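In case you want the letters, here they are:
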Protein chains: 2
Amino acid sequence: MRIGLDMMGGDFAPAEAVKGVKLFLDGDASNAHLVLIGDEQALTPLLADAQLNQSRYTVVHSSQVIGMNEHPTKALKEKPHSSISIGFHLLQNKKIDAFISAGNTGAMMVGAIYSIKLIEGIQRPTISTVVPRENGSYGLLLDVGINADCKPENLVQFAVLGSLYSQYIMGTDKPKVGLLNIGEEEGKGNLLAQATYPLLKENTHLNFIGNVEGRDVFKDTADVIVCEGFTGNVILKMAESFHDVAVRRNIKDDYMDKFDFEQYGGTPVLGVAEPVIIGHGISGQRAFSNMIGLAKKMIESKLLEKIRESFVEVK
Amino acid sequence: MRIGLDMMGGDFAPAEAVKGVKLFLDGDASNAHLVLIGDEQALTPLLADAQLNQSRYTVVHSSQVIGMNEHPTKALKEKPHSSISIGFHLLQNKKIDAFISAGNTGAMMVGAIYSIKLIEGIQRPTISTVVPRENGSYGLLLDVGINADCKPENLVQFAVLGSLYSQYIMGTDKPKVGLLNIGEEEGKGNLLAQATYPLLKENTHLNFIGNVEGRDVFKDTADVIVCEGFTGNVILKMAESFHDVAVRRNIKDDYMDKFDFEQYGGTPVLGVAEPVIIGHGISGQRAFSNMIGLAKKMIESKLLEKIRESFVEVK
């Protein structure tokens, strides 16, 4: 198993990326091999300092970096030697089994969609967030931002993708799927929610439990909550801001601590044909380590095969 | 000034409504006269116990009640002697200057729109929530649920209505108006947000400051935040649930306490031709008292005249 990591992506790269690699390797006894893509000159002294087991990683040199604010398509085209471009090239050619970056999110999305392609039958890829719940478990909310306008069928596909992710990665048995809405009964909500409800209800692959409301997001009413990316993104950023409030106001609470979303590392881009994980720009060592762990889990669990099978059946 | 109050609406009516009347009258030295609409037999002993100044209220008997789960249009039609029907009848005939109820929200909306009508030029009424901010001030978020699907022009009208409310009721000078979105720059967001941005920008009645994100909702980035009622409702219910979490987990914090949205009483139905205020079903005495105070403020400030003038100009 070879996991590719963009060492140049993120506000604290490459230092935090190297620390994250160390954190992961120190706690992992498998034979997962890390392919570290970045500027060799910058990486060499950091890697030497970290005293890593050299058999567990390989450095692939990249001479360019795509900045956080560059135009994604243009940057990918003009910077073929950037860490992101090289990462997708390696993934496309099966030299790595997963690719992780905390760099330019747009470039990661464009790269995932156009160089890796979507799994057959999937109309749009989606990104998600884990949702800490008061009972200690975690839920999943998707989409959280790349699909601002959706059709009912998109939400149904997100539900299937989220459900498989919840089952195979998060270990939830028969995940309960809820449709985010502004009322409990069928027929409530905006036109999108009204049209999506019957499609979710009739889908035999899903354990659909009906509508959930804003008050249910952090409860265990549903394990997978689907919505378009506009509302999902607002929810995620609002939840992050609640955590900021708690920190600023010195509120000490185990549950509130879990709203530090950066610790979860990043989101997989569900729907693309290979494991791709996008991290927060502000990823620190723990986030990098967690993303490597997530990539490993996605490969080991054969999540993408499960998704492929599921969408073949649907066809 | 005569303020009408539905004494039978809400889960704790009429007892909490009577207590709310007392709370208001005890703290109010004006000549505001309250018209208490409800079952005389139920009210008489409660009012006697409360030892209110009898010159400050009149009881209007209602022999029917519209239940919280009744179908709004049907209930209003079949129960002309209900407190809500009588309230709107009195308001329509200028016997009262404002009408407040914590009863069936749907019936209140239908009554407001069909018996009171909208102010000329306004396409849809809207409901809002005050938003507690960390610096101690309050913002306004609208729509929070009755307009699940919106056109760009609707959001612009909500912005104008919210702006006038923020100025004349909440006392904010030149309220900053923000468009809820999932990115900062113009051009970001879903189709609705993309189409709304230029309309807000060109509207000379508004102090439009651009897009705001989920993380800005509880900051003072904008004083008035506009969105369609789907996202707004999810935000409101999610914020309420955060408060529930804080209470359950025994988190003591002045700011978190302000997320007890019930204390704010209720929301005006902005856009209708007379002051109409809808309360939470679970309204307690403080909520009732605050709603009476809000009605008084809406009348005194001549808010509806300001709205009328503003929409005449717009035409």
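Thresholds applied
Throughout, residues of each chain are indexed from 1 in the direction in which the sequence is written. All chains are assigned letters beginning at A, and all ligands numbers beginning at 1, according to the order in which they are written. Side-chain atom pairs in this predicted model are given and counted only at pLDDT of 80 or more, local residue features only at pLDDT of at least 70, and totals for whole chains, interfaces and linings cover all residues. Derived side-chain values reflect all non-hydrogen atoms in the structure, with water molecules and hydrogen atoms excluded from consideration. Throughout, a contact is declared for two residues whenever any of their heavy atoms are within 4.5 Å. Here the quantity called buried area is the accessible surface, traced with a 1.4 Å probe, that two parts lose on coming together, added over both. A carboxyl oxygen of Asp or Glu within 4 Å of a side-chain nitrogen of Lys or Arg is what we treat as a salt bridge. For this analysis, a polar contact is any N or O atom pair within 3.5 Å, provided that within protein one partner can donate a hydrogen and the other can accept it, and provided that sequence-adjacent residues contribute only side-chain to side-chain pairs. We count a stretch as a helix when DSSP gives it H or I for four or more residues in a row; a strand needs E for two or more, and each element gets its number in order from the N terminus. Ten residue types, Ala, Val, Leu, Ile, Met, Phe, Trp, Tyr, Cys and Pro, are classed as nonpolar, four, Asp, Glu, Lys and Arg, as charged, and the remainder, Gly among them, as polar. At least two bridges found by DSSP between two strands is the condition for calling them paired. For helices, the fitted line uses only the C-alpha atoms of the stretch in contact; every axis is such a line through C-alpha atoms, and the angle between N-to-C directions lies from 0 to 180 degrees. Here the angle decides the label: under 35 degrees means roughly parallel, over 145 means roughly antiparallel, 65 to 115 means roughly perpendicular, and every other value means oblique. It is the rotation of the near helix from the far one that decides the hand of a crossing: anticlockwise by less than a right angle makes it left-handed, clockwise makes it right-handed. Burial here depends on accessible area, computed with a 1.4 Å probe over protein chains only, as a share of the maximum for the residue type. Under 20% is buried, over 50% is exposed, and the range in between is partly exposed. Bear in mind that the domain bounds are from an automatic or database domain assignment.

Visitor: Whenever I open this one, the interface of chain A and chain B confuses me. Can you help?
Guide: A common way to express how large an interface is: the accessible area buried when the components associate. On the side of chain B, 36 residues touch chain A, which itself brings 36 residues to the contact. Both faces considered, chain A and chain B share a buried interface measuring about 3500 Å² in area, 66% of it formed by carbon and sulfur atoms. Here chain A and chain B share 6 salt bridges between them. Connecting chain A to chain B are 9 residue pairs in polar contact (both at pLDDT 80 or more). Looking at the side of chain A that touches chain B, the elements with two or more residues in it are α7 (191-202), α8 (229-248) and α9 (254-257) of chain A. Take the side of chain A that touches chain B: its biggest share by element is 13 residues, from α8(A). Class assignment of the residues belonging to the side of chain A that touches chain B gives a composition of 17 nonpolar, 9 polar and 10 charged.

Visitor: Quick question: what am I supposed to make of the sheet that holds strand β11 (residues 276-279) of chain B here?
Guide: Whether parallel or antiparallel, the strands of a sheet pair through hydrogen bonds between backbone atoms. Residues and elements named next belong to chain B. With mixed pairing, 6 strands are arranged side by side in an open sheet as β3-β2-β1-β4-β11-β10. Taken across any chain shown, the strands that pair with only one partner, and hence form the sheet edges, are β3 (57-61) and β10 (266-268). Put simply, the sheet's adjacent strands are angled 20° from each other on average, direction ignored. Packing of helix α1 (residues 15-26) onto the sheet brings it into contact with β1 (2-6) and β2 (33-38), and relative to β2 it is tilted by some 180°. Packing of helix α5 (residues 105-116) onto the sheet brings it into contact with β4 (98-101) and β11, and relative to β11 it is tilted by some 170°.

Visitor: How do you make sense of the packing of helix α6 (residues 152-168) of chain B against helix α7 (residues 191-202) of chain B when you look at a structure like this?
Guide: When two helices pack together, their arrangement is given by the angle between their axes and by how far apart the axes lie. Residue and element names in this part refer to chain B. Two elements in contact, α6 and α7, have axes separated by 8 Å at closest approach and are oriented at 50°. Considering their axes alone, α6 and α7 lie oblique with respect to each other. The crossing of α6 and α7 is right-handed. Of the residues in α7, those in contact with Pro 152, Glu 153, Leu 155, Val 156 and Ala 159 of α6 are Leu 192, Ala 195, Thr 196, Leu 199 and Leu 200. For the contact of α6 with α7, the class distribution of residues is 8 nonpolar, 1 polar and 1 charged.

Visitor: Quick question: what am I supposed to make of the pairing of strand β5 (residues 128-132) of chain B here?
Guide: All names here are of chain B. Most of β5 sits out of view: 5 of its 5 residues are buried. Alternating positions in β5 separate into two faces, Ser 128, Val 130 and Pro 132 on one and Thr 129 and Val 131 on the other, with burial throughout. As judged from the 5 bridges shared by β5 and strand β6 (residues 138-142), these two strands associate in the antiparallel manner. The residue of β6 that forms the bridge with Pro 132 is Tyr 138. Linkage of β5 to β6, two consecutive antiparallel strands, is achieved through a turn of 5 residues, within which Gly 136 is found at a positive phi near 95°.

Visitor: Please clarify how the domain arrangement of chain A should be interpreted in this entry.
Guide: Residue and element names in this part refer to chain A. Considered domain by domain, chain A is made up of domain 1 (1-120 + 271-302) and domain 2 (123-261). Measuring from the centre of the C-alpha atoms in domain 1 to the corresponding centre in domain 2 gives 27 Å. Counting residues at the interface gives 11 residues for domain 1 and 12 residues for domain 2. When domain 1 packs against domain 2, close to 850 Å² is buried across both sides, 72% of that on carbon and sulfur atoms. On the domain 1 side of the interface with domain 2, the three residues burying the most area are Met 109, Leu 118 and Gly 271, jointly 39% of the side's total. Viewed at the interface, domain 2 and domain 1 are joined by 1 salt bridge. Residues Arg 286 and Asp 260 are paired through a salt bridge, measuring 3.8 Å at the closest nitrogen-oxygen approach. Taken together, the connections running from domain 1 to domain 2 amount to 1 residue pair in polar contact (both at pLDDT 80 or more). Mapped onto the side of domain 1 that touches domain 2, the elements with two or more residues apiece are α5 (105-116) and α10 (285-300). At 4 residues, α10 tops the list of elements feeding residues into the side of domain 1 that touches domain 2. Considering only residue class, the side of domain 1 that touches domain 2 consists of 6 nonpolar, 3 polar and 2 charged.

Visitor: I'm lost on helix α4 (residues 83-92) of chain B in this one. Help?
Guide: Every α-helix carries 3.6 residues per turn, so stepping three or four residues along brings you back to the same face. All names here are of chain B. Of all 10 residues in α4, 8 are buried; the element is thus mostly enclosed. Here α4 has its buried residues at Ser 83, Ile 84, Ser 85, Ile 86, Gly 87, Phe 88, Leu 90 and Leu 91. Immediately beyond the C-terminal end of α4, within one or two residues, lies Lys 94, with a positive phi of roughly 60°.

Visitor: I'm lost on the sheet that holds strand β4 (residues 98-101) of chain A in this one. Help?
Guide: Residues and elements named next belong to chain A. Spatially, β3-β2-β1-β4-β11-β10 is the arrangement adopted by the 6 strands of the open sheet, whose pairing is mixed. Pairing within the sheet leaves two strands with one partner each, and these edge strands are β3 (57-61) and β10 (266-268). Neighbour-to-neighbour, the strand axes of the sheet open up by a mean angle of 20°, direction not taken into account. In this sheet, β4 lies alongside strand β1 (residues 2-6) in parallel orientation, the contact comprising 3 bridges. What sits directly across from Leu 5, in β4, is Ile 100. Its contacts with the sheet put α10 on β1, β2 (33-38), β4, β10 and β11 (276-279), and the angle it makes with β1 is roughly 145°.

Visitor: So what exactly am I meant to see when it comes to the environment of A:Gly20 here?
Guide: Residues and elements named next belong to chain A. Relative to the assigned elements, Gly 20 resides in helix α1 (residues 15-26). Placed 208 residues apart in sequence, Gly 20 and Glu 228 show a C-alpha to C-alpha distance of 32 Å. Dropping the residues within four chain positions of it, Gly 20 is found in contact with Gln 285, Phe 288, Ser 289 and Ile 292.

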